[in-house]
Amino acid sequence: MKKRSAIFLFLFYAIFTLNAQDWSSIFAKLSEASLTPISNQEALPYAFDALEPYIDARTMELHYSKHHAAYTTNMNNTAKESETAHLSLFEVFNNMSKYPVGLRNNGGGYYNHLIFWKMMKPAGGDKPQGKLMDALINEFGSYDAFAEKFSDAAAKRFGSGWAWLSLDAEGKLFVSSTPNQDNPMMDVSDKRGIPILGIDVWEHAYYLKYQNRRLEYIKNFWNVINWDEVSRRYEEALHALEKE
Ligand SMILES: [Fe+2]
């Protein structure tokens, strides 16, 4: 191996290692850091029909009682089988590539839905306020430009997955999308960060009401966003990212 290639390889691994360590200490500061792969499903913060007419009661019931419940049970079983029960869920995410794919799918499924329920509320919508609104305008040019980018990421996710608004390691907001039950906290994610808003674009999230009309589901999602919770997550993520 040529000297220059060897130096490049060394730097690549040094940066990768530092990055993983950095994310580990950042994730540890988040309030959800105590979550483990052995966890119970939390109660839904509202009734199944609370998000009508945008998300119908039957979809919410199946999504929470069947899909999220199954991810939770399967995560617990996979954690026991893979002897990862003693780890925090975020440690698992930070080293996701080293663990069984079952833990990736079900651990992601457990966590993504846990935060998704809280990111919505009855009579939500409106627009974010204060610091988060300023940051969105600063990063994307306008609130509408952000909304278009987020909706576009959700619409273009091929097959099943999620679209996210997250903070990167520098505290900058970015929009991304992940396949299946991956999320930006995982080391397998193309761009890593702390998610503050997400939309589930698996068909199980909308098919009963919208059938193949994913765009209509995405458009209506804006009516149920809990911006108080998204702002809270934004502030918490910023705090975790503060350099000491
Ligand atoms: Fe889902």
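Check the entry above for the structure.
Counting from 1, residues in each chain are numbered in the order their sequence is written. In view of the model being predicted, local features appear only for residues whose pLDDT reaches at least 70, and side-chain atom pairs are presented and counted only at 80 or more, with totals across whole chains, interfaces and linings using the full set of residues.

Caption draft 1: Up close: the overall build of the chain. Helix numbering and strand numbering both begin at the N terminus, where a helix is a DSSP run of H or I of at least 4 residues and a strand a DSSP run of E of at least 2. Along the chain, the regular secondary structure elements total nine helices and three strands. Counting helices and strands in the order they occur from the N terminus, the chain gives α-α-α-α-α-α-β-β-β-α-α-α. The C-alpha atoms of the chain give 18 Å as radius of gyration, which agrees with the globular expectation for 244 residues (18 Å, within 12%). Projecting the C-alpha coordinates of the chain onto the three principal axes gives extents of approximately 60 × 45 × 35 Å. The contact criterion used is a C-beta to C-beta distance within 7 Å, with each C-beta placed from the backbone. Long-range pairs, those at least 24 residues apart, make up 68% of the contacts in the chain between residues at least 6 apart in sequence. Only C-alpha atoms enter the radius of gyration; for comparison, a globular chain is expected to reach 2.2 Å times N to the power 0.38, where N is the number of residues.

Caption draft 2: Layout of the packing of helix α5 (residues 130–140) against helix α6 (residues 143–156). Angles here are taken between N-to-C directions and fall from 0 to 180 degrees, while the axes themselves are lines fitted to C-alpha atoms, restricted in helices to the stretch in contact. In the contact formed by α5 and α6, the axes pass within 8 Å of each other and the chain directions differ by 75°. Considering the angle they form, α5 stands roughly perpendicular to α6. On α6, the residues that touch Met133, Leu136, Ile137 and Phe140 of α5 are Tyr143, Ala145, Phe146 and Lys149. Any residue outside Ala, Val, Leu, Ile, Met, Phe, Trp, Tyr, Cys, Pro, Asp, Glu, Lys and Arg is labelled polar, Gly included; the first ten of those are nonpolar and the last four are charged. Looking at the contact of α5 with α6 residue by residue, the classes come out as seven nonpolar, no polar and one charged. By definition in this entry, angles of less than 35 degrees are roughly parallel, angles greater than 145 are roughly antiparallel, angles of 65 to 115 are roughly perpendicular, and the rest are oblique.

Caption draft 3: Main features of the nonpolar core. Counting 45 residues, the largest nonpolar core has Phe93, Phe150, Ala154, Ala163, Leu165, Ile196 and Ile199 as its most contacted members. If one sorts the elements of this core by residue count, strand β1 (residues 161–167) sits on top with five residues. Definition of nonpolar core: a set of buried Ala, Val, Leu, Ile, Met, Phe, Trp, Tyr and Cys residues joined via C-beta atoms within 7 Å. Labels follow a simple rule on C-beta atoms placed from the backbone: if 20 or more others lie within 10 Å of a residue's own, it is buried; if 12 or fewer, it is exposed; otherwise it is partly exposed.

Caption draft 4: Focus on the pairing of strand β2 (residues 173–179). Most of β2 sits inside the fold, with five of its seven residues counted as buried. Strand direction decides the pairing type here: β1 and β2, joined by seven bridges, are antiparallel. By the bridge assignment for β2, Leu167 is matched with Leu173. Strand pairing is assigned whenever DSSP detects at least two bridges linking the two strands. Hairpin remark: β1 followed by β2, antiparallel, with five residues in the connecting loop; positive phi at Gly171, about 85°.

Caption draft 5: Representation of the packing of helix α2 (residues 57–81) against helix α4 (residues 101–118) within the structure. Where α2 meets α4, the closest approach of the two axes is 8 Å, and the angle between their N-to-C directions is 135°. Between α2 and α4, the angle falls in the class oblique. In the crossing of α2 with α4, the sense of the turn from one axis to the other is left-handed. Residues His68, Tyr71, Thr72, Asn74, Met75, Thr78 and Ala79 of α2 pack against Gly102, Leu103, Asn106, Gly107, Gly109, Tyr110 and His113 of α4. Of the residues in the contact of α2 with α4, the class split is five nonpolar, nine polar and no charged. By convention the crossing between two helices is left-handed if the near helix lies anticlockwise of the far one by an angle smaller than a right angle, and right-handed if it lies clockwise.

Caption draft 6: A look at helix α8 (residues 214–221). Those residues of α8 not exposed but buried are Tyr217, Ile218 and Phe221. Projected down its long axis, α8 carries its buried residues within an arc of 100°, all on one side. Buried positions along α8 lie against α6, β3 (194–200) and α7 (207–210). Of all possible arcs, the one meant is that of the directions from the helix axis to the C-beta atoms.

Caption draft 7: Geometry of the environment of Phe140. Take Phe140: it is sitting in helix α5. Residues Phe140 and Arg213, spaced 73 residues apart in sequence, show a C-alpha to C-alpha distance of 27 Å. Non-local contacts of Phe140, meaning those with residues more than four positions away in its chain, are made with Ala145, Phe146 and Lys149.

Caption draft 8: A look at the sheet that holds β2. Within the open sheet, the three strands sit side by side as β2-β1-β3. Their pairing is antiparallel. Two strands lie at the open edges of the sheet, namely β2 and β3, each paired on one side alone. Across this sheet, the average inter-strand angle for adjacent strands is 25°, counted without regard to direction. Inspection of the sheet shows β1 paired to β3 by six bridges, in the antiparallel sense. Note on β3: the bridge partner recorded for Trp162 is Asp200. Across the sheet, helix α9 (residues 227–241) touches β1 and β3, and the angle it forms with β3 is around 145°.

Caption draft 9: Main features of unusual backbone geometry. The peptide bond linking Glu52 to Pro53 adopts the cis configuration, its omega dihedral lying at 0°. The residue Pro53 is located in the loop between α1 (3–27) and α2 in this model. Unlike most non-glycine residues, Glu83 shows phi in positive territory, near 55°. In this structure, Glu83 sits in the loop between α2 and α3 (89–94).

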